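In case you want the letters, here they are:
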Amino acid sequence: MSSPNPTISHSVAAPGVRQLTFGQAINEAIAEEMRRDPLIFVVGEDVAEAGTPFKVLLGLVDEFGPERIIDSPISEAGIAGIGVGAAMTGMRPIVDIMFGDFTTLVMDQMVNQAAKIHYMSGGKLKVPMVLRTTMGASRRSAAQHSQSLHAWLSHVPGLKVAIPATPYDAKGLMKAAIRDENPVVIYEDKLSYPIKGPVPEEDYIIPLGVAEVKRTGEDITLVATSSMVYVALSAAEKLAEIGISAEVVDPRTTAPLDAETLIASAKKTSRVIVIDEGYQEYGVTGEMASVIADGAFYWLDAPVKRMGAMHVPIPFSPALEDRTIPTAEQVVEMAKMLCGRN
Amino acid sequence: MSSPNPTISHSVAAPGVRQLTFGQAINEAIAEEMRRDPLIFVVGEDVAEAGTPFKVLLGLVDEFGPERIIDSPISEAGIAGIGVGAAMTGMRPIVDIMFGDFTTLVMDQMVNQAAKIHYMSGGKLKVPMVLRTTMGASRRSAAQHSQSLHAWLSHVPGLKVAIPATPYDAKGLMKAAIRDENPVVIYEDKLSYPIKGPVPEEDYIIPLGVAEVKRTGEDITLVATSSMVYVALSAAEKLAEIGISAEVVDPRTTAPLDAETLIASAKKTSRVIVIDEGYQEYGVTGEMASVIADGAFYWLDAPVKRMGAMHVPIPFSPALEDRTIPTAEQVVEMAKMLCGRN
Amino acid sequence: MAENPPVDTEQWLHVYEQMYKIRAFENATNELYLGAKMPGLAHLYSGEEAVAVGVCEALNRDDYITSTHRGHGHCLAKGAAVDRMFAELLGKEAGYCRGKGGSMHIADQETGNLGANAIVGGSAGIATGAALSIKMRKSGQVAVCFFGDGALGQGLFYEVANMAALWKLPVIYVVEHNLYGEYTHHTETAAGDVLTRAAGFGLHAVEVDGQDVKAVMAATAELVARARRGDGPSVLLCHTYRFHGHHVGDINRAYYRSPEEEAEWKAERDPLSLLADWLTENNVEQQVIDQLEATVTGDVQAAVDFALNAPYPSPDEVTSHVFA
Amino acid sequence: MAENPPVDTEQWLHVYEQMYKIRAFENATNELYLGAKMPGLAHLYSGEEAVAVGVCEALNRDDYITSTHRGHGHCLAKGAAVDRMFAELLGKEAGYCRGKGGSMHIADQETGNLGANAIVGGSAGIATGAALSIKMRKSGQVAVCFFGDGALGQGLFYEVANMAALWKLPVIYVVEHNLYGEYTHHTETAAGDVLTRAAGFGLHAVEVDGQDVKAVMAATAELVARARRGDGPSVLLCHTYRFHGHHVGDINRAYYRSPEEEAEWKAERDPLSLLADWLTENNVEQQVIDQLEATVTGDVQAAVDFALNAPYPSPDEVTSHVFA
Ligand SMILES: Cc1ncc(C[n+]2csc(CCOP(=O)(O)OP(=O)(O)O)c2C)c(N)n1
Ligand SMILES: Cc1ncc(C[n+]2csc(CCOP(=O)(O)OP(=O)(O)O)c2C)c(N)n1
Ligand SMILES: [Mg+2]
Ligand SMILES: [Mg+2]
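Residues numbered from 1 in each chain as written. Chains lettered and ligands numbered in written order. Predicted model: local features only at pLDDT ≥ 70, side-chain atom pairs only at ≥ 80, totals over all residues. Heavy atoms only, no water.

On to the overall build of chain C. What chain C contains, in helices and strands, is 11 helices and 7 strands. Relative to the globule expectation of 20 Å for 324 residues, the C-alpha radius of gyration of chain C, 19 Å, shows essentially globular dimensions. Each of the 324 residues in chain C was classed as buried or not, and the buried ones make up 63%. Long-range pairs, those at least 24 residues apart, make up 74% of the contacts in chain C between residues at least 6 apart in sequence. Of the side chains in chain C, 24 bear a positive and 43 a negative charge, and the two mean positions are spaced by 8 Å. (Helix = DSSP H or I, 4+ residues; strand = E, 2+ residues; numbered from the N terminus. Rg over C-alpha atoms; globule rule 2.2 N^0.38 Å. Buried < 20%, exposed > 50% of the residue type's maximum accessible area, 1.4 Å probe, protein only. Contact = heavy atoms within 4.5 Å. Lys, Arg positive; Asp, Glu negative; His and termini not counted. Charge placed at Lys NZ, Arg CZ, Asp CG, Glu CD.)

See the structure below:
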């Protein structure tokens, strides 16, 4: 097994570039876009003075005023619907849904309205809106505030879905989402907000549907999304120590999915683990694993393995919660097994 | 390629047994259970005198009265929530959601409440409720009345999900669902209601989580759900004519999934197509395909292929709608390709 | 009795034409269904014409409406052309949505129609969002949200109505209270009353006879003026009745409403007869009305023929328009 | 002034004890958070004790309640034990939910507590369903649904309130109106008014000073009697105030509410002081109150110690209780 010096993508480490947190990157993306385009506005619960409970939007109301950073009642379905209507009539709303768990309340507006209006109208109407929400467990927030439900909206034709892992990607994907003519949903990992990384000051976008190889490797591919990218990178470090060279591929968007890049990496390494924080059953890992197992069938030396959240409501107790999310150690074990090293 | 006489399961054809339609089987299951247990009731829109728009519940209100067959306002979230509360306090509700497309409105009550209450309460409370709803396109009903969204609730720990294909399975799975101590969701294909099949008069249940081989075969496995079972059976007929022996496996429930039976069939035939009417991306086929590709990895002669609804909002026009759902012809083509017959 | 000024009867003749067009359209739709020429189902608006026409006559072309599963009347009243409507109902490429939407999803941005909606109450958010957009763009438009009494069961409406009131948005919620949601009488599905509900959410509310087009139009005009002035949202409660079944296939209705009730509404409360009677009382000659009806009937027939002969979209279109 | 009959002050001393227990519990919770001994966050009920206690004192043990993210007060008032409560807050096996639920999900079927809920307004359906169950089982119980003013933004409430009124269900919706939802004042998020909203859905509604436990209890008793008689659902609007931040981590609050406002409520409208004053005015000796407080404080401290020393659930429990 070879272990070359890994290349780490510029979105993970780039010398001499300004460092921002993931949260600051989101804030900056929105602020820059709002300066550029007066039609963009934000609506959500406690988004204005409070800047959201995660403080990600802090300061925006000072610059753009309460007319463009709008505090709403606790009415998730309502604000999603209002976003759809505003988007259809010339505005570019960013709807803020505090916890991804509350997307349960916006499914009708997103799925039966936002996703279908362009198609149902024969291409006449469009819904250029962004729905920002969060994902991720491990905050001792229990079952109703810890889910990563991005598989659902990824399942629906007419929606695009981004799940940035790094501050760099967060800014670039958010800008792409805001400029897109379609409804785009962005899932931000709550624990990623304080993570720092290089974020260029200049305007850039990351096209929706383009994966990034976050680390190159030869022996095994770790396809990882959102915070699981860090888990995978850390597993790759540990694997390097024992001579297994892991490639880490971040799809960055689930819809559209950059199947080509995933399959190419699988063909190169011939072994794959797909890691995502959503529930494993009927989720994101199933799609990616079957796309890869199909596309790289004749190249694979081992079955494509999947690691998602344990199939339980996320428990509150730290003694239990920590068992539910894939860890670097588990990834290492699985990788060793696939590489015949146990 | 061998082509033995196929065995067809008793749920597809059994001589001398009474024939009922799929709709009658559902009706009979509910009626029999309601006679047995006075705690069972039905709540939903137009379920009483109208017997639902599909007429499936016709007659129940005459026998059980409007106190147990309750017409509700057009409040899907509300009736789901009321079902949860009633189930927690000793009743056994059957909540009727007319179109599966409207499950968008009950996601919070089903996912954040029903699915999690037993776990969150440390096993003290339970939610023995059934949510009946529909799936399936091809009725010229357009994008908001044609979806098969069963992947979503299958993704959620704490829920069980059944998708019967035959009248026999419909009765047995409905009874199992009603007697289960957990929230169970049943998706009934709208076009299946008039389909006839053998349904024994006696009381029987089909355990949740047990697949059935609907037709035995040697050369290729067609894993098919709900109405796609008929598509698969019809494809199997056509394949038999050209000497390809197809096994048709119906998982019958997506959650729990009888992975063992699926994998066993895949090992036997070494080729698999998974067919489901839901959207293909991030849906049911991805889960089943990756379970099989993993479990039968060393037995497979070809990649596991998937066929789901085309990734578009279901269009109204017959000229377009008919292109969106997998057909027997497409299955035959795919099977021939996998068997190296093109 | 003094003669009406000619301009007045002309206006009301135009209103009558609009209402008659809807009636003729729905009759033709029913025929298409009965003749197995229309795919799927349709929910006919017959009997409720005064609501759509009364409201839309008080709107400008660029004002927005959102519509429902029972939406043909709204679309036509807002200015849609009968030929492209029928083409849509038949799934043809010439339809307003290239056949992709069908009866329940007709949208036409050129007449401000943001689309019919097959989710009961599902357009309340869209109309309210359009009103927010109007306010932010300072465009001076108004958004009208049509929905049935059954939609009062959907929580979404109360969520957005509250925001409309808080933010003083130029939106009018028009409740088409036709006594039934599908096969269930409203008394089984709605407690309290609509006007008090509106007040509870800070909405101005007005009740009107939905069979009297002049009353509907007058009431709407006031609410529109209010909205344009920046005085905020309102509810217009219109009492009305659907003459047909819930949809074209709902033929045997006696189990949920009596033939007598139907007969009485049709005989006494037909919005077309009521306006026609008023017109003749005001010296419009019956012949003028007959002529108008004949012309509209001819147009509708021509439109049906157009739609029947129009081509389906190319099967390849199935994958277009998923994304803009 | 006439002396109160002894039985009366004893009852109110018990009520005071319940309220004081909640206050002491919340203070200890805050300490646990500040000492980094509690995982996650908690939403303290301090300042609102008269609502939970006033309502629950008017209920039987087998009556149901549903609670909220700010739920400790409801659980304790309905009869939960402090030790198992703290154990739950710390994620210990001895907790009411074996540590699986935590602060926002405490449920205890033995005291009729159907569970706290971290979805704002999420329990409205559950409480209403419990009331339907009561009616169907003819058990004579009552279901109480506690929720905050912020939950008035959730459409679900209106959907189920409508059904409760239609079906005359024995449910009482208790609105804990503490002026804020998180960091936003209610005037920014709610138009109209609560009592009119209730009337619009056919619900009987009563307004009460939520800091006056005697008023809350009296009002509840009437609504409970109504419900048990079969006269249907009601809304109890309680005006109250939370003394702490939205959650334990919400320390700097000046940007959304003034220190003066907080100080005034604490000084003038503390439900504990109000009842304590009334007790002393009615000849209960201060020493009796002090003694009671000391005992409760001791119990709470012992319960904290119990919880701190209690074991975590076995890691294997993570996969148990997914299905019944
Ligand atoms: C959310 C939702 N629930 C149920 C339905 C099924 N459905 C279609 S129309 C209808 C009745 C609507 O009644 P109302 O709003 O009064 O309109 P009307 O048909 O009387 O014009 C129902 C229940 C639906 N389309 N959407
Ligand atoms: C559906 C939903 N939306 C948003 C939240 C986040 N959240 C938690 S508490 C809260 C404020 C609730 O305010 P209120 O109902 O007045 O209760 P209070 O905290 O004042 O007791 C919010 C917005 C949530 N938990 N659930
Ligand atoms: Mg109606
Ligand atoms: Mg509050």
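Residues in contact with ligand 2 amount to 22 residues; listed here are only the nearest, Glu76 of chain A together with His69, Arg70, Ala118 and Gly150 of chain D. Within the contact set of ligand 2, a nitrogen atom lies 3.2 Å away from a side-chain nitrogen or oxygen of Glu182 of chain D. Alone, ligand 2 offers 580 Å² of accessible surface; in the complex the protein occludes 98% of this. The residue makeup of the shell around ligand 2, split by class, is 9 nonpolar, 8 polar and 5 charged. (Near = heavy atom within 4 Å. Polar contact = N/O pair within 3.5 Å; in protein donor to acceptor, adjacent residues only side chain to side chain. Areas by Shrake-Rupley, 256 points an atom, 1.4 Å probe, with all protein chains shown as cover. Nonpolar A, V, L, I, M, F, W, Y, C, P; charged D, E, K, R; others polar.)

Reference values for angles at a metal are 109.5 degrees in the four-donor tetrahedral case and 90 or 180 degrees in the six-donor octahedral case. Residue and element names in this part refer to chain D. Protein-derived coordination of the magnesium ion (ligand 4) comes from Asp149 (OD), Asn178 (OD1) and Tyr180 (O), at a distance range of 2.0 to 2.2 Å. Expressed as a motif, the donor residue spacing for the magnesium ion (ligand 4) is D-x28-N-x1-Y. Since its relative accessible area comes to 4%, Asn178 is described here as buried. Take Tyr180: its relative accessible area is 4%, and that puts it in the buried class. (Donors = N, O, S within 2.8 Å, 3.2 Å for Na, K, Ca; no water.)

On to the site of ligand 1. The local shell around ligand 1 holds 22 residues, among which Glu76 of chain B together with His69, Arg70, Ala118 and Gly150 of chain C are the closest. In this structure, ligand 1 sits where chains B and C come together, each supplying nearby residues. Contacts to ligand 1 include Arg70 of chain C, whose side-chain N or O atom sits 2.7 Å from an oxygen atom. Interatomic distance of 2.7 Å between a backbone N/O atom of Gly150 of chain C and an oxygen atom of ligand 1.

Evaluated as defined, the whole model comprises 80 salt bridges over all chains. The network of salt bridges with common partners includes Arg18, Glu28, Glu32, Glu33, Arg36, Lys171, Lys175, Arg179, Glu201 and Asp203 of chain A. (Salt bridge = Lys/Arg side-chain N within 4 Å of Asp/Glu carboxyl O.)

For residues that are not glycine, phi is negative in most cases, and the peptide bond is trans in most cases. In this structure, Pro256 of chain A follows Ala255 of chain A across a cis peptide bond, with omega equal to 0°. Summarising the element assignment, Pro256 of chain A is placed in the loop between strand S12 (253–255) and helix H9 (259–269). Residue Leu179 of chain C is not a glycine yet carries a positive backbone phi of 80°. Its location among the elements puts Leu179 of chain C in the loop between strand S3 (171–177) and strand S4 (180–181). The phi torsion at His321 of chain C lies on the positive side, around 70°, for a residue other than glycine. Of note, His321 of chain C is situated in the segment after helix H11 (286–309).

With that settled, consider the interface of chain A and chain B. Much of the literature gives interface size as the accessible area that the parts lose upon coming together. Residue-level contacts link 52 residues of chain A with 52 residues of chain B. Among the elements of the structure, helix H4 (107–114), helix H5 (117–120), helix H6 (150–154), S12, helix H10 (284–295) and strand S14 (305–309) of chain A are those that each provide at least two residues to the side of chain A that touches chain B. Ranked by residue count, the leading element in the side of chain A that touches chain B is H10 of chain A, at 9 residues. Its residues assigned to classes, the side of chain A that touches chain B shows 29 nonpolar, 14 polar and 9 charged.

Next up on the list: the coordination of the magnesium ion (ligand 3). Residue and element names in this part refer to chain C. Coordination of the magnesium ion (ligand 3) by the protein involves Asp149 (OD), Asn178 (OD1) and Tyr180 (O), with metal-donor separations of 2.0 to 2.2 Å. Written as a sequence motif, the donor residues of the magnesium ion (ligand 3) are D-x28-N-x1-Y. In this pair, Asp149 sits in the loop between strand S2 (143–148) and helix H6 (155–166) while Asn178 sits in the loop between S3 and S4, placing the two residues 29 residues apart along the sequence. Take Asp149 and Asn178: they sit in the same class, and that class is buried.

Below, the discussion takes up the relation of the copies chain A and chain B. Once turned by 180° and shifted 0.0 Å along the axis, chain A lies on chain B with an RMSD of 0.0 Å. Expressed as an axis order, the relation between the two copies is that of a two-fold axis. Of the interface residues in chain A, 100% have counterparts in chain B that sit at the interface too, so the contact is made through matching surfaces. (Least-squares fit on C-alpha atoms with pLDDT ≥ 70 in both.)

On the secondary structure map, Ala302 of chain B appears in the loop between helix H10 (284–295) and strand S14 (305–309). By relative accessible area, which is 3% here, Ala302 of chain B ends up buried. In this structure, the C-alpha to C-alpha distance between Ala302 of chain B and Ala176 of chain B, residues 126 residues apart in sequence, is 36 Å. Other than its neighbours up to four places away in sequence, Ala302 of chain B contacts Phe297 and Tyr298 of chain A together with Ser270, Arg271 and Leu338 of chain B.

Here the focus is the sheet that holds strand S11 (residues 246–250) of chain B. The pairing of strands in a sheet happens through backbone hydrogen bonds and is either parallel or antiparallel. Residue and element names in this part refer to chain B. Ordered by their spatial adjacency, 5 strands build an open sheet running S9-S11-S10-S13-S14, and the pairing between neighbours is mixed. Each edge of the sheet is formed by a strand with only one pairing partner; in this case those strands are strand S9 (212–215) and S14. Taking the axes of each pair of neighbouring strands and ignoring which way they run, one obtains an average angle of 25° across the sheet. Inspection of the sheet shows S9 paired to S11 by 3 bridges, in the antiparallel sense. Bridge pairing links Val213 to Val249 in S11. Packing against the sheet, H10 makes contact with strand S10 (220–224), strand S13 (272–279) and S14, and its axis sits at approximately 160° to S13. (Pairing = 2+ DSSP bridges. Axes fitted to C-alpha atoms, helices over the stretch in contact; angles between N-to-C directions.)

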